[in-house]
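Take a look at the letters that make up each chain.
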2 protein chains.
Amino acid sequence: MEKIVVDIYGADGGPEIVIRGTADAIKKIGIFPVLVGYADLIKKVMTEKGISADAYEIIDTDDFISNNEPATCVFGGRETSSLVLAYNRLKTDDTCVAMISSGNTGAMLVGSICRLGLLPTIKFPALCSALPCAGDKLLTLVDCGAVIDCTALDFVRFAKMGNVFSRCCCGIENPRVGIMSVGREDGKGNALTLEAFKLIKELPLNFVGNLEGSDMVSGYADVIVTDGFSGNILLKNTEATGKKAMEIVSKIAKDYPELAEEINKELFKTFDFNSQGAATFLGTKKIVVKMHGSANENTVLASVEQIIRLQKANFLNEMSKALSN
Amino acid sequence: MEKIVVDIYGADGGPEIVIRGTADAIKKIGIFPVLVGYADLIKKVMTEKGISADAYEIIDTDDFISNNEPATCVFGGRETSSLVLAYNRLKTDDTCVAMISSGNTGAMLVGSICRLGLLPTIKFPALCSALPCAGDKLLTLVDCGAVIDCTALDFVRFAKMGNVFSRCCCGIENPRVGIMSVGREDGKGNALTLEAFKLIKELPLNFVGNLEGSDMVSGYADVIVTDGFSGNILLKNTEATGKKAMEIVSKIAKDYPELAEEINKELFKTFDFNSQGAATFLGTKKIVVKMHGSANENTVLASVEQIIRLQKANFLNEMSKALSN
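Remember, it's a predicted structure, so these values are computed and weren't measured experimentally.

*Asks:* Now, about the overall build of chain A: what can you tell me, with residues and values included?
*Replies:* Counting its regular elements, chain A contains 11 helices and 11 strands. For 325 residues, the compact-globule estimate of 2.2 N^0.38 gives 20 Å, and chain A sits close to it at 20 Å. Here chain A holds 325 residues, and the buried ones make up 63% of them. Within chain A, counting contacts between residues at least 6 apart in sequence, those at least 24 apart form 70% of the total. For chain A, the exposed surface amounts to about 12,600 Å²; the carbon and sulfur share of it is 51%.

Written out as structure tokens, the structure is:
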């Protein structure tokens, strides 16, 4: 049974949501969680969900890092915060395979580096999402916002790591890897992507070349490699455009509430990335999953499912192998 | 009556579409077009549309620049091509106020520089679109793909020019100008946007600070300033995501064809940028409008309407004033 560290703080809806989602994961998937947070609250919610006290462990703290604190706060301080306690446990306990948090993204980035540690050759982790917007298969977008100012060598690492993630998390045997650009033709792009193109085409990957903005939904590639700035705006734009479409459906089909709901359920499934899981750090020594602030019970469940898939596919070993080539 | 040069070539649907759209503009808006293209075809289509020969002028040529030709082909050659003939006429005829083409974007960029000329202080034109995706008011996105590798000073020019365009084309008195970034907080962004932020906040503009990907549809800003790489991927992503939503509507609501059509008409109006007009070059000595390859009759009409709005608002004078400050 997988032991997973869960930081209960950071979700907009409150820690109860994360605890309830974890309880669901115990019941449905059979994990053993180490919950980091206020013990009385955890026990209360777990009892309400019918989970016995021997089905989980608690690291008791009511201190947490807010979104307003600087990312660097976890460098040498905030020892009693849930995030630092979670990282410390993940690092030191060989039986813990992963952690989940919807905390401060910057603090999680710094925590991944200085509290957990990175795989060889990695200086900075990337943030990667598996997105349902491109069709039946999940699309891997890397980087989603961790490395805002990139070099071409960052793109090379993103391509290697995205390829492993797509295989292990999305079950795609030989992922089609492309570089986000302003058109599919060779030679299209900015100085950075053109340089990255030359390097990535020499890698032993199923490289499909340049992509364009529409390829977030076209299904033309399985892995989109891009800098964290572009990845972040693409992610937020796709999600927001999908939600805008849902508003239009609700308005125009207001006299057909059941049909509107059915359409919007499908739009939600396609364009609400939060409902499908969470972002995963790539390049970290153990699996770290970052849920969005608007995470709900299903996000926790989806995150745990993703961790299980990655574990089954021997993700960290595959990643180490890919990075050493 | 405004005299507008129309290059009939470049639309995927063939030159007839552009001629028919121009005929509609004569009837509905009352312009006098100078059509550049094969005279026999122009006369035939105009006659079919009931337009008399004295309602337009022709510059006869059946030569045109394809999308596969390098942008630089217009530097010193291609004298008989429709695009070069159009630029030459626009430059030398004081009574011509603007031109429209759906030709090769790169060739139009180079043509705008070396065949037409730019306003003082401008070294490279920007490409700007007025988009319906953000709500009731048209959103100005600059740059949409002309200046792929930008400096912070390019951002300053985009902000000034986008502000004038928003006032003159979209009728927004005091446009809210923002910089596309990875979050709305000050301090978010890449090295380029952070540098641009410092410069733009000193300008006499209604500066709302940083934006994020969702602000393409949120209505939080009237002008989005961004590099041509990010602008291009945002434009294509928003449009493609909207079309994907339309596919989902058609599939789920297949038993309610009328309702599906009504929803998709609204989605199309919101997310199909081609149907709403075209991109405008900023910084050129006269107005140059670039239609998408998939332009149809309505695109021509919308482009002409946009030119008329810009003319009425004294666009070029306003632009010169803004750039000299």
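*Asks:* Explain the relation of the copies chain B and chain A residue by residue, including any values.
*Replies:* Mapping chain B onto chain A calls for a screw motion: a turn of 180 degrees about the axis and a shift of 0.0 Å along it, with 0.0 Å RMSD after fitting. Those values place the two copies in the arrangement expected of a two-fold rotation axis. A shared binding surface is used by both copies, with 100% of the interface residues of chain B retained as interface residues in chain A.

*Asks:* Let's hear about helix H5 (residues 152-170) of chain A: which residues, and what values?
*Replies:* All names here are of chain A. Between its first and last C-alpha, H5 extends 25 Å over 19 residues, near the 27 Å set by a 1.5 Å rise per residue. In terms of burial, H5 is a largely internal element, 16 of the 19 residues being buried. Note on H5: the residue one or two positions beyond its end, glycine 171, has a positive phi of about 70 degrees.

*Asks:* How would you sum up the pattern of salt bridges? Please name residues and give values.
*Replies:* Applying the stated rule across the entire model yields 38 salt bridges over all chains. One salt bridge in this structure joins glutamate 79 of chain B and arginine 115 of chain B, with 2.9 Å as the shortest N-O distance. Note that glutamate 79 of chain B is positioned in the loop between strand S3 (57-60) and helix H3 (82-92) and arginine 115 of chain B in helix H4 (residues 105-116), a separation of 36 residues in sequence. The exposure class assigned to glutamate 79 of chain B is partly exposed, which follows from its relative accessible area of 39%. For aspartate 222 of chain B, the salt bridge goes to arginine 176 of chain B, with nearest N and O atoms at 2.8 Å. Residue aspartate 222 of chain B is found in the loop between helix H7 (215-218) and strand S9 (223-225), and its partner arginine 176 of chain B is found in strand S7 (residues 176-180); the two are separated by 46 residues along the sequence. With relative accessibility at 3%, the residue aspartate 222 of chain B sits in the buried group. Through salt bridges that share partners, Lys3, Glu57, Arg89 and Asp93 of chain A make up one connected network.

*Asks:* Tell me about the packing of H5 of chain A against helix H11 (residues 315-324) of chain A, residues and numbers included.
*Replies:* All names here are of chain A. Between H5 and H11, whose axes approach to 9 Å, the crossing angle comes to 150 degrees. By the angle between their directions, the pair H5 and H11 is classed as roughly antiparallel. Seen along the crossing, H5 lies across H11 with a hand that is right-handed. Here Lys160, Met161, Val164, Phe165, Arg167 and Cys168 of H5 come into contact with H11, specifically with Phe315, Glu318, Met319, Ala322 and Leu323.

*Asks:* Before we move on, can you summarise the interface of chain B and chain A with the specific residues and values?
*Replies:* On the side of chain A, 44 residues touch chain B, which itself brings 44 residues to the contact. Both sides of the chain B and chain A interface together cover about 3,700 Å² of buried area, and 73% of this is carbon and sulfur. On the surface where chain B and chain A come into contact, there are two salt bridges. Two residues, glutamate 212 of chain A and lysine 236 of chain B, come together in a salt bridge whose shortest N-O distance is 3.0 Å. At the junction of chain B with chain A, the criterion picks out 10 residue pairs in polar contact (both at pLDDT 80 or more). Contributions of two or more residues to the side of chain B that touches chain A are made by helix H6 (191-200), H7, helix H8 (228-252) and helix H9 (257-271) of chain B. Ranked by the residues each element gives to the side of chain B that touches chain A, the list is headed by H8 of chain B, at 17 residues. A per-class count over the side of chain B that touches chain A returns 22 nonpolar, 16 polar and six charged.

*Asks:* Describe in detail the pairing of strand S5 (residues 126-131) of chain B, supporting the description with residues and values.
*Replies:* Residues and elements named next belong to chain B. Counting buried residues in S5 gives six out of six residues, a clear majority hidden from the surface. As judged from the three bridges shared by S5 and strand S10 (residues 279-282), these two strands associate in the antiparallel manner. Paired with leucine 127 across the two strands is phenylalanine 281, which belongs to S10. In the sheet, S5 pairs with strand S6 (residues 139-142) via four bridges, with the strands oriented antiparallel. Bridge pairing in S6 links alanine 130 to threonine 140.

*Asks:* Outline unusual backbone geometry, supporting the account with residue identities and numerical values.
*Replies:* Residue and element names in this part refer to chain A. Along the chain, valine 142 connects to aspartate 143 via a cis peptide bond; the corresponding omega equals 10 degrees. Even without being glycine, arginine 78 reaches a positive phi, approximately 55 degrees. Its place among the elements puts arginine 78 in the loop between strand S3 (57-60) and helix H3 (82-92). Relative accessible area serves as the criterion here: at 23%, arginine 78 is assigned to the partly exposed category. Even without glycine at this site, asparagine 314 takes up a positive phi of about 60 degrees. As for its placement among the helices and strands, asparagine 314 is situated in the loop between helix H10 (297-312) and H11.

*Asks:* So, the nonpolar core: which residues are in play, and what are the values?
*Replies:* The tendency in soluble globular proteins is for nonpolar side chains to be buried side by side. In this structure, Ile200 and Phe315 of chain A together with Ile200 and Phe315 of chain B are the most contacted members of the largest nonpolar core, which totals 250 residues. Those residues within four positions of isoleucine 200 of chain B in sequence are excluded, and the remaining contacts are Phe155, Val156, Ala159, Ile179, Phe207 and Val225 of chain B.

*Asks:* Break down the sheet that holds strand S2 (residues 32-37) of chain A for me, with residues and values.
*Replies:* Residues and elements named next belong to chain A. The 11 strands lie next to each other as S3-S2-S1-S4-S11-S10-S5-S6-S9-S7-S8, forming an open sheet whose pairing is mixed. Edge strands, defined here as strands with exactly one partner in the open sheet, are S3 and strand S8 (206-211). Adjacent strand axes in the sheet meet at a mean angle of 25 degrees when their direction is disregarded. Against the sheet, helix H6 (residues 191-200) makes contact with strand S7 (176-180), S8 and strand S9 (223-225), and its axis sits at roughly 160 degrees relative to S7, the strand it touches most.

Cut-offs used in this document
Residues numbered from 1 in each chain as written. Chains lettered and ligands numbered in written order. Predicted model: local features only at pLDDT ≥ 70, side-chain atom pairs only at ≥ 80, totals over all residues. Heavy atoms only, no water. Helix = DSSP H or I, 4+ residues; strand = E, 2+ residues; numbered from the N terminus. Rg over C-alpha atoms; globule rule 2.2 N^0.38 Å. Buried < 20%, exposed > 50% of the residue type's maximum accessible area, 1.4 Å probe, protein only. Contact = heavy atoms within 4.5 Å. Areas by Shrake-Rupley, 256 points an atom, 1.4 Å probe, with all protein chains shown as cover. Least-squares fit on C-alpha atoms with pLDDT ≥ 70 in both. Expected span 1.5 Å × (residues − 1). Salt bridge = Lys/Arg side-chain N within 4 Å of Asp/Glu carboxyl O. Axes fitted to C-alpha atoms, helices over the stretch in contact; angles between N-to-C directions. Parallel < 35°, antiparallel > 145°, perpendicular 65-115°, else oblique. Left-handed = near helix turned anticlockwise from the far one by under 90°. Buried area = accessible area lost by both parts, 1.4 Å probe. Polar contact = N/O pair within 3.5 Å; in protein donor to acceptor, adjacent residues only side chain to side chain. Nonpolar A, V, L, I, M, F, W, Y, C, P; charged D, E, K, R; others polar. Pairing = 2+ DSSP bridges. Core = buried A, V, L, I, M, F, W, Y, C linked by side-chain atoms within 4.5 Å.

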